[in-house]
Amino acid sequence: MSSKELVFTCELINGLHARPASAFVKEIQAFNVEVVLENQRNGRTANGNSALSLISADISHRDVCKLIITGVDAKRALARLRYFIQKELPGSDIPATSAQGTSYLPPSLRVLKMNVAKGHATGEGWARGAPVCLKEYRFLPAQDHAVYAGVTGERLRLMGALEQVQKNLFQTIENTELVAEREVLGAHYTLACDPDFKRRMLDHVNNGLSVVESIEATLEHFSHALKSGDSTYLQDRVIDIRDLCDQLMHFSYGSGCLYTPDVLSQHSICLADNLTPSQFLALDHRYLNGLVLESGGKASHTVLIAQARGIPVVVGAEGARELMNASSEVILDAGLGILIGDPSREVGRYYQQERRKQQRMNERYHPFIDRLAETRDRQRLEIGANIVGVEDAEQAFGQGAESIGLFRTEMIYMQREQAPDEKEQVTTYSKILTLAEERPVIIRTMDVGADKPVDYFELEEEENPFLGYRAIRLYPEFLDLFRIQVRAILIAARQKSVLVMIPMVSCLDEVLWVRDVIHTIQEEMGQDNEVYGSIRLGIMLEVPSACLIIDQLAPWVDFFSIGSNDLAQYFLAADRDNEKVGDLYSYLHPSFLRLLKMVTHETRQHQRWTGLCGEMAADLEALPLLVGLGLDEISLPGTFIPAIKEKLSHLDSSECRKLLDQAIACNSIQAVQALLRAFRSDVTSRTVFDTAIVNLDYEALSREEAVKELVDMMLMDGRLSDGCHVEEAVWAREALYSTGMGSGIAIPHLQSEHVLCHSVGILRLREPLHWQEGSEEGVKTVFLLAVPDSGAKDQHMKVFSRLARKLVKPEFIERFDQCDDRQQVIWLLEKEIELSD
């Protein structure tokens, strides 16, 4: 029997709570070991096989912990747990959207009279409905069911209930589609199977307590342990223990004496002091429009599940119950963290504006799903998707992916006890090729080893795994597995040609070896009369040495794909996950941009298709640099694809090439970032005047509503990065002096870093609005002038000055008023303002 130790720092922002603790236990239980965890901050120890014990150790962000692993599998468990803690544990915690302070209200809302309760924002979305205060729940076992049955009888009652809870949770998880919901219920299932939880309840029963008493005592014990810790996030986990205990009560004593959910018969905003996930799931979600939790729970699993279901939540709203009781209708705004009772007409119009804005934002990217990705001067840039399986591929093509640029096949080798066989791989590859139809698919061969350990490979622990034995470097030792994968790809390629990509290539010999293996397999299949399909061979450029021998590699490969994450790390000698050297890592480093330019120049010289994947490919700010590089393709997560296509459509390739040359001449990352900020203002294709930011028939009840409408139009047309900041800038300037110009005209204006391009928005009102204190004259037309903070050009300032001068001339206003549609307005302004000067 051996023993190993591992010291690590908890990097989970919210500490080791139920879901990550549950994931931790699953990893430990895969090995024949005993694990003890020591929290070196507070001295608490925990059983690694018990999620509740781990939670009770009160492990907070940045706590240093030590694992003591003993058993015959200690060495293997150590390697796996080290990788799990570094790479996977952070991903096991899908945080609830952080609660935020709620003192802020947008200008157009805070001027309105409202009966409002302020709480904490938990995300986005708002809802309207009838107020419903949910009844309080407390378990009261029916007397005829709660008769003490002696130690043996109570043990049987408890064990039967525990088994029923586990079975019920397992079945619910199987039928749940939402990932967040599955993870929460999975954590509850782990708690239900927790050995410490079970042992403590049985100990109480063996000492003469009834089941209900033992459950209450166990609940009290773990609640005290969690509440005594420093983490408020862990304190919120008490509700999960209570939820589990409620379910045990239910299966111990029958449903007749337990919680019966309120029946919702109309669209409702529900309020509760607190709500367990099970109580939340029991509500009729057809009518549940929003949820208010009075106390705690702002980071609770109930909030997480509600957000996953698109139900807005506000927590900790002081006075919410009184407001609900006094109102016949309420509006809940999760983004602002407020509850509004009996909203007025003006408040209702604010939320109508919000609804229209959201609909238009959704519609903005939709046309690009089926559109060819190209710049406005028609330079093509194929937008591919990164995937790990069939489900990802379906989603990516639904978002407009033009290819699969990176299929990470190593994921099908991980989290299992043996490698997938040829049949399983053929099935997977074939499904993806079928989904792709005529679109290209790049399959990257398994990139396992070192920092991506797979147990059954039984690799030695390495001092520096990032530079160690992985990917192509271990193919010769595991030749049988590599041959199976190549055969599976060749068989799947019968239905269409496939691109095969080899990871971590650093020299020509590795490419020649792979080609020889593939050629041998093809010959063998031919001799056995097995049909195989056509493949093209490429390599990932992620090791700097390979980038310097493009001329030697190009004759032997069909394509290259730059792995920007690893290439930047190797090139800059900085781990992107190490916060102490994080400042050194950036794909915007001028030296790295020079390397990329050299690589793409070399691959073009040798007429080889070149793509790029990694974080850089999904960065909207970096997109002009990628266009400037002249890449053939970029590959990114499917959800980013419509936004990338939309941004691409506004870029000019010649401007992007100039930008790239300027970027590589910079002397710092910060200088490149500043260059990109200025560029986004200069190269936009949007003109100052545009029909998209003109509305000639709008009914506004206040000048704040009118300005919000103008700001929303600009935001939806992609001219602003933040609408609220722009509104604030408008009213900050308006506070200095009124922009009412007389003659029924107002010209509010601003200069802000949140304005992306020079713009003039126009709103003609059905009824004149009062605009200026002390003035009786109403305003019928509002011109909003928006200027970027950086890169403002004198020419545009002249345009705005000319517009202001025109608007004080009665004859111009008369001609403007005669315009019947938006296009006539644009023609008039373009003619009168003389944009070409």
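The shown structure was predicted, so the numbers you read here are calculated from the model rather than taken from an experiment.

K.L.:
If you had to explain the overall build of the protein chain to someone new, which residues and values would you point to?
P.N.:
Assigned secondary structure in the protein chain consists of 31 helices and 26 strands. By the compact-globule yardstick of 28 Å for 837 residues, the protein chain fits well, its C-alpha radius of gyration being 31 Å. Seen along its three principal axes, the alpha-carbon backbone of the protein chain occupies a region of about 95 × 80 × 50 Å. Sorting the 837 residues of the protein chain into buried and exposed places 54% on the buried side. Considering only contacts in the protein chain between residues 6 or more positions apart, those separated by 24 or more positions represent 71%. Accessible surface, the protein chain: about 36,600 Å² in total, of which carbon and sulfur atoms supply 48%. Measuring between centres, the 87 positive side-chain charges of the protein chain sit 3 Å from its 121 negative side-chain charges.

K.L.:
Report on the pairing of strand β21 (residues 694-698), specifying residues and quantitative values.
P.N.:
Of all five residues making up β21, four are buried, and the element is well covered by its neighbours. Here β21 pairs with strand β25 (residues 759-770) via three bridges, running parallel. For V694, the partnering residue across the bridge sits in β25 and is I762.

K.L.:
Account for the packing of aromatic side chains, naming residues and giving values.
P.N.:
Aromatic rings in a pair are described by how distant their centres are and how their planes are angled relative to each other. One pass over the full model with this rule turns up 15 aromatic pairs. Aromatic side chains F24 and F84 sit 5.7 Å apart centroid to centroid with 85° between the ring planes, which places their arrangement in the edge-to-face category. Here F24, found in helix α1 (residues 18-29), pairs with F84, found in helix α3 (residues 74-88); they are 60 residues apart in sequence, far enough to count as distant. On the basis of relative accessibility, which here comes to 1%, the residue F24 falls in the buried class. Relative to F816, the ring of F783 has its centre 5.4 Å away and its plane inclined at 50°; by these criteria the two rings are tilted. In this pair, F783 is assigned in strand β26 (residues 778-788) and F816 in helix α30 (residues 810-818), connecting sequence segments 33 residues apart. Taken together, the aromatic side chains of F8, F24 and F84 make up a single cluster linked through ring pairs.

K.L.:
Describe the packing of helix α14 (residues 345-365) against helix α27 (residues 703-716), listing the residues and the values that go with them.
P.N.:
The description of two packed helices rests on the angle between their axes and on the distance between the axes. Running from amino to carboxyl end, α14 crosses α27 at an angle of 10°, the nearest separation of the two axes being 10 Å. As far as their axial angle goes, α27 and α14 are roughly parallel. Across the interface between the two elements, R349, Y350, Q353, E354, R356, K357, R360, M361 and R364 from α14 touch E705, K708, E709, D712, L715 and M716 from α27. Of the residues that constitute the contact of α14 with α27, the class distribution is four nonpolar, one polar and ten charged.

K.L.:
Can you tell me about the nonpolar core, naming the residues and giving the values?
P.N.:
Counting residues in each nonpolar core, the largest one holds 104 residues, and the members touching the most others are I502, I539, L541, L596, L612, M616 and I634. It is helix α17 (residues 479-492) that provides the largest number of residues to this core, a total of seven residues. With 57 residues, the next largest nonpolar core counts C65, I85, I173 and Y253 among its residues.

K.L.:
Give me the lowdown on the pattern of salt bridges, citing residues and values where you can.
P.N.:
Applying the stated criterion across every chain, the model contains 38 salt bridges. Measuring nitrogen to oxygen at the nearest pair gives 3.8 Å for the salt bridge that ties D712 to K357. With a gap of 355 residues between them, D712 in helix α27 and K357 in helix α14 connect regions that are remote in the sequence. Accessibility expressed as a relative area gives 2% for D712, which makes it buried. A residue is classified by how much of its surface remains accessible, and K357, at 18% relative accessible area, is buried. Among the charged side chains, a network of salt bridges with common partners joins E410, R444, D447, R470 and D566.

K.L.:
Residue-level account of the sheet that holds strand β12 (residues 338-341), with values.
P.N.:
Here we have eight strands laid out as an open sheet, ordered β5-β12-β11-β7-β8-β9-β10-β6, and mixed in their pairing. Since the sheet does not close on itself, it has two edges, and those belong to β5 (115-118) and β6 (120-121), each with one partner. Packed onto the sheet, α14 meets β7 (126-133), β11 (330-333) and β12 and runs at close to 130° relative to β7.

K.L.:
Requested: an account of the sheet that holds strand β3 (residues 45-47), with residues and values cited.
P.N.:
With antiparallel pairing, four strands are arranged side by side in an open sheet as β1-β4-β2-β3. A single partner strand is all that each edge strand has here, and the edge strands are β1 (2-9) and β3. Neighbour-to-neighbour, the strand axes of the sheet open up by a mean angle of 20°, direction not taken into account. Note that strand β2 (residues 33-39) and strand β4 (residues 64-71) share seven bridges and pair antiparallel. Residue pairing for β4: V33 is matched across the bridge by G71. Packing against the sheet, α3 makes contact with β1, β2 and β4, and its axis sits at approximately 10° to β1.

K.L.:
Mind laying out the side chain of K357, listing which residues take part and the relevant values?
P.N.:
Polar contacts involving the side chain of K357 include one to the side chain of E354, which spans 3.2 Å. If near-sequence neighbours (up to four positions away) are discounted, K357 is found in contact with K708, D712, L715 and M716.

K.L.:
Help me get a handle on helix α28 (residues 723-736), residues and values and all.
P.N.:
In this model, α28 (14 residues) spans 21 Å end to end at C-alpha, consistent with the 20 Å of a helix rising 1.5 Å per residue. Where α28 starts, the residue carrying a side-chain oxygen 3.0 Å from the main-chain nitrogen of C724 turns out to be D722.

K.L.:
Residues and numbers for the environment of S561, please.
P.N.:
When you line up the elements, S561 lands in strand β18 (residues 559-563). Assessed through its relative accessible area of 1%, S561 is described here as buried. With residues up to four places along the chain from it excluded, the contact list for S561 reads M501, I539, M540, L541, G611, L612 and C613.

K.L.:
Break down the state of the cysteines for me, with residues and values.
P.N.:
Within this structure, the stated rule accounts for zero disulfides. Cysteine C133 is unpaired, with the sulfur of C270 as its nearest cysteine sulfur at 9.0 Å. With no disulfide partner, C757 has as its closest neighbouring cysteine sulfur the one in C656, 16 Å distant. According to the relative accessible area criterion, C757 is buried, its value standing at 2%.

K.L.:
Talk me through unusual backbone geometry; I want residue IDs and the actual numbers.
P.N.:
Keep in mind that most residues, glycine aside, have a negative phi and that most peptide bonds are trans. Despite not being glycine, D342 shows a phi value in the positive range, around 40°. Residue position: D342 is located in the loop between β12 and α14. If you check the backbone angles, E437 has positive phi at about 55° while not being a glycine. Residue position: E437 is located in the loop between α16 (422-436) and β15 (441-444).

K.L.:
Which residues make up the environment of R802, and what values do they have?
P.N.:
Inspection of the secondary structure puts R802 in helix α29 (residues 794-807). Of the residues examined, R802 reaches a relative accessible area of 22% and is grouped as partly exposed. R802 sits 31 residues away from I833 along the chain, and the two C-alpha atoms are 6.1 Å apart.

K.L.:
Report on helix α10 (residues 238-253), specifying residues and quantitative values.
P.N.:
The first and last C-alpha atoms of α10 sit 22 Å apart over 16 residues, in line with the 22 Å expected at 1.5 Å per residue. For α10, the tally of buried residues reaches 13 of 16 residues, placing the bulk of the element in the interior. Once α10 finishes, G254 follows within two positions and takes phi at roughly 95°, a positive value.

About the thresholds
Residues numbered from 1 in each chain as written. Predicted model: local features only at pLDDT ≥ 70, side-chain atom pairs only at ≥ 80, totals over all residues. Heavy atoms only, no water. Helix = DSSP H or I, 4+ residues; strand = E, 2+ residues; numbered from the N terminus. Rg over C-alpha atoms; globule rule 2.2 N^0.38 Å. Buried < 20%, exposed > 50% of the residue type's maximum accessible area, 1.4 Å probe, protein only. Contact = heavy atoms within 4.5 Å. Areas by Shrake-Rupley, 256 points an atom, 1.4 Å probe, with all protein chains shown as cover. Lys, Arg positive; Asp, Glu negative; His and termini not counted. Charge placed at Lys NZ, Arg CZ, Asp CG, Glu CD. Pairing = 2+ DSSP bridges. Phe/Tyr/Trp six-rings, centres within 6.5 Å; stacked < 30°, edge-to-face > 60°. Axes fitted to C-alpha atoms, helices over the stretch in contact; angles between N-to-C directions. Parallel < 35°, antiparallel > 145°, perpendicular 65-115°, else oblique. Nonpolar A, V, L, I, M, F, W, Y, C, P; charged D, E, K, R; others polar. Core = buried A, V, L, I, M, F, W, Y, C linked by side-chain atoms within 4.5 Å. Salt bridge = Lys/Arg side-chain N within 4 Å of Asp/Glu carboxyl O. Polar contact = N/O pair within 3.5 Å; in protein donor to acceptor, adjacent residues only side chain to side chain. Expected span 1.5 Å × (residues − 1). Disulfide = S-S within 2.5 Å.

Geometry only, nothing functional implied.
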